[in-house]
Amino acid sequence: MSVEVASPSKLPSDFLWGFATASFQTEGSTDVDGRGKSIWDDFAKLPGKTLDGRDGDVATDSYKRWREDLDLLVEYGVKSYRFSIAWSRIIPLGGRNDPVNEAGIQFYSNLIDALLERGIVPFVTLYHWDLPQALYDRYGGWLSREIVDDYVHYARVCFERFGDRVKYWLTMNEPWCISVLGHGRGVFAPGRSSDRTRSPEGDSSTEPWIVGHNVILSHAYAVKLYREQFKADQGGTIGITLNGDWALPYDDSPENVAAAQHALDVAIGWFADPIYLGYYPAYMKTMLGDRLPSFTPEDLAVVKGSSDFYGMNTYTTNLCKAGGDDEFQGKVEYTFTRPDGSQLGTQAHCAWLQDYPEGFRQLLNYLWKRYRRPIYVTENGFAVKDEDTMPLEQALADHDRVQYFKGNTEAILAARNEDGVDIRAYFAWSLLDNFEWADGYVTRFGLTYVDYETQKRYPKDSGKFVSKWFKEHVAEDTPADKGGEPQRLELPEATDKLLPDSTTPSPTVESKKKTKKAPFARFTAYISTFLGI
């Protein structure tokens, strides 16, 4: 692996930066042009499933207003745009023997062409939580191994129809959320949980681990297909994007140092360790016993090494205390409050999110040292407290979000140029305020304000800041860059023997730093909201 040489104050000229969105959060038009239902269509309409009782039928109306969204991207000057394809627009019933919807193909083909015409690189997510409802009704969706073949077929259609123009693919967005929030907590579609006050069906002790296993297999076999049948001709790169926030011990006690690593094992290692290293974390095997599925030798050969890069979605950091019985958090408790009573950083609208750029830099280093794959930061963002109730002028002057991006952009620069971390892309979440899943529309992550009554878009100060920062800190193309391969700095090849077994505390957990947080922050937010804590 290699990175282009840049000055200490710059990122290389081939560094990708831009904004990210997802299909169900923005598109709307859920019953237009042959689209089939996704699991979110009806789920979001159920009483109590979203904080404001609103659904995704309109969202930011981007299915109709996509050209306006592209004009925004041009205005910001981005190099790349991350968006997702709605599976049920491509194959309305989802399955490998079900018909393909040409109208859905045409929509995304037009979007891709228009991006390229504007000099913007498409960065495409194949699955961002909107499973075709028909597959859930047919066999339980991600609960069945049957889904692997259907997902791989869907991926094949996308590679065949878009791969001549798309060179960056993400197979899955945040498997932890698919598994835990959809099949354990029950706060995301399809809403399965052992908690009968929340769901009439589901088993939180077994189903999330089964779902996670099937997501890994679906990802891996789709990558196998791409590498064997498409990569040589199309020349793209493919990987997965994993959520996971930084986890740091509450204090120097051995049990809390170990707790921070346990949190990382479940938040990140659950998926990253099999994909990059070839095994589930030992701590998870101990914690779950035979409830954790195992890979056949044939499957493991496909899973190991099945991502060209590390796709990184991260938002915050948590302090970790040993204790509790929550397996989804590694039996670890999270807090933002230090032993001296102070807070890690500025509080966001979400209970699970505070601003702490030091943790972002530390997590970049942890992931690079552990997995030795180029890192693409595919989501990173902040929701300003009470922004939804602010007058427009006040909401556009989003100081707390600007400060968040100031800290994290400097962390990227330092991690790459001082620490030697191979970071190749950064996508701020999100281009637009949008449908924020269980939060409905009351939580705003956009760098562009959306008036949901008129659908008018207004750039916020944060959008202007991010645009200006990257224009100033990404090196300009030189004649040499345009004429051939840029000068490269060689970095170490990946190895499977990077860290001690995860049952021992990771040396990257800096217990003496007093400002730190954990990997499930983003997701405990939704959970804490629904539990009223």
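This section reports on the structure supplied with the text. (Residues numbered from 1 in each chain as written. Predicted model: local features only at pLDDT ≥ 70, side-chain atom pairs only at ≥ 80, totals over all residues. Heavy atoms only, no water.)

Counting its regular elements, the chain contains 19 helices and 15 strands. When each of the 533 residues of the chain is scored for burial, the buried share is 65%. Contacts in the chain between residues far apart in sequence, at least 24 positions, make up 80% of those at least 6 positions apart. Carbon and sulfur atoms make up 50% of the accessible area of the chain, which totals about 18500 Å². (Helix = DSSP H or I, 4+ residues; strand = E, 2+ residues; numbered from the N terminus. Buried < 20%, exposed > 50% of the residue type's maximum accessible area, 1.4 Å probe, protein only. Contact = heavy atoms within 4.5 Å. Areas by Shrake-Rupley, 256 points an atom, 1.4 Å probe, with all protein chains shown as cover.)

Turning to the packing of aromatic side chains, a few remarks are in order. Counted according to the given criterion, the structure contains 52 aromatic pairs. Here Trp129 and Phe188 contribute two aromatic rings whose centre-to-centre distance is 5.1 Å and whose plane-to-plane angle is 45 degrees, an arrangement assigned as tilted. Within this pair, whereas Trp129 is found in the loop between β4 (121-125) and α6 (133-139), its partner Phe188 is found in the loop between α8 (175-183) and α9 (207-229), the two being separated by 59 residues in sequence. One exposure class covers both Trp129 and Phe188, and it is buried. The rings of Phe24, Trp40, Phe43, Trp129, Phe188, Phe435, Trp437, Tyr441 and Tyr452 are connected pair by pair, giving a single aromatic cluster. A cation sits over an aromatic face here: Lys321 above Tyr250, 4.3 Å from the ring centre. (Phe/Tyr/Trp six-rings, centres within 6.5 Å; stacked < 30°, edge-to-face > 60°. Lys NZ or Arg CZ within 6 Å of the ring centre and 35° of its normal.)

Between α9 and helix α11 (residues 254-277), the least distance of the axes is 11 Å, while the angle of their chain directions is 35 degrees. Regarding α9 and α11, the two cross each other, and that crossing is right-handed. In this structure, α9 uses Pro208, Trp209, Gly212, Ile216 and His219 to contact α11, whose residues at the interface are Trp270, Phe271, Pro274 and Ile275. Considering only residue class, the contact of α9 with α11 consists of seven nonpolar, two polar and no charged. (Axes fitted to C-alpha atoms, helices over the stretch in contact; angles between N-to-C directions. Left-handed = near helix turned anticlockwise from the far one by under 90°. Nonpolar A, V, L, I, M, F, W, Y, C, P; charged D, E, K, R; others polar.)

Right, let's get into the sheet that holds strand β10 (residues 332-335). As a general point, the strands of a sheet are linked pairwise by backbone hydrogen bonds and lie either parallel or antiparallel. Pairing is mixed across the open sheet formed by three strands, whose spatial order is β7-β9-β10. The open sheet is flanked by β7 (246-249) and β10, the only strands paired with a single partner. The average angle at which neighbouring strand axes cross in this sheet is 45 degrees, direction not considered. Looking at chain direction, β7 and strand β9 (residues 317-322) are connected through four bridges and run parallel. Within β9, the residue paired with Pro249 across the bridge is Cys320. Packing against the sheet, α11 makes contact with β7, β9 and β10, and its axis sits at approximately 125 degrees to β9. Across the face of the sheet, helix α14 (residues 357-371) comes into contact with β7 and β9 while running at roughly 105 degrees to β7. (Pairing = 2+ DSSP bridges.)

With that settled, the discussion passes to the pattern of salt bridges. A side chain with one charge can pair with a side chain of the opposite charge if their charged atoms come near. Taken as a whole and assessed by the stated rule, the structure comprises 36 salt bridges. The salt bridge involving Arg65 is made with Asp61; its shortest N-O contact spans 2.9 Å. In this structure, Lys224 and Glu228 form a salt bridge, with 3.1 Å as the shortest nitrogen-oxygen distance. A residue pair is termed a helical-turn pair when its members lie 3 or 4 positions apart in one helix, as Lys224 and Glu228 do in helix α9 at four residues. With a relative accessible area of 54%, Glu228 lands in the exposed category. Each of the salt bridges in this network shares a partner with another, and the network as a whole consists of Glu387, Asp388, Asp398, Arg401, Asp433, Arg444 and Lys460. (Salt bridge = Lys/Arg side-chain N within 4 Å of Asp/Glu carboxyl O.)

A separate point is the sheet that holds strand β6 (residues 237-243). Pairing is parallel in the closed barrel, where eight strands are placed in the order β2-β3-β4-β5-β6-β8-β11-β12. This sheet shows a mean twist of 25 degrees between the axes of neighbouring strands, independent of strand direction. Two strands pair when backbone bridges link them, and strand β11 (residues 375-379) and strand β12 (residues 423-429) are joined in this way by three bridges, in the parallel orientation. The residue of β12 that forms the bridge with Ile375 is Ile423. The strands that α8 touches are β5 (168-173) and β6; relative to β6, the one it contacts most, it runs at about 40 degrees. Its contacts with the sheet place helix α17 (residues 461-473) against β2 (16-20) and β12, and it is angled at close to 165 degrees to β2.

All right, on to unusual backbone geometry then. Going from Ala189 to Pro190, the amide bond is cis rather than trans, its omega being 5 degrees. A positive phi is found at Trp129, a non-glycine position, where the angle reads about 85 degrees.

Along its 16 residues, helix α5 (residues 102-117) runs 22 Å from first to last C-alpha, staying within 8% of the 22 Å computed at 1.5 Å per residue. Regarding α5, the residues found buried are Gly104, Ile105, Phe107, Tyr108, Ser109, Leu111, Ile112, Ala114 and Leu115. Positive phi shows up at Gly119, right after α5, with a value of about 75 degrees. (Expected span 1.5 Å × (residues − 1).)

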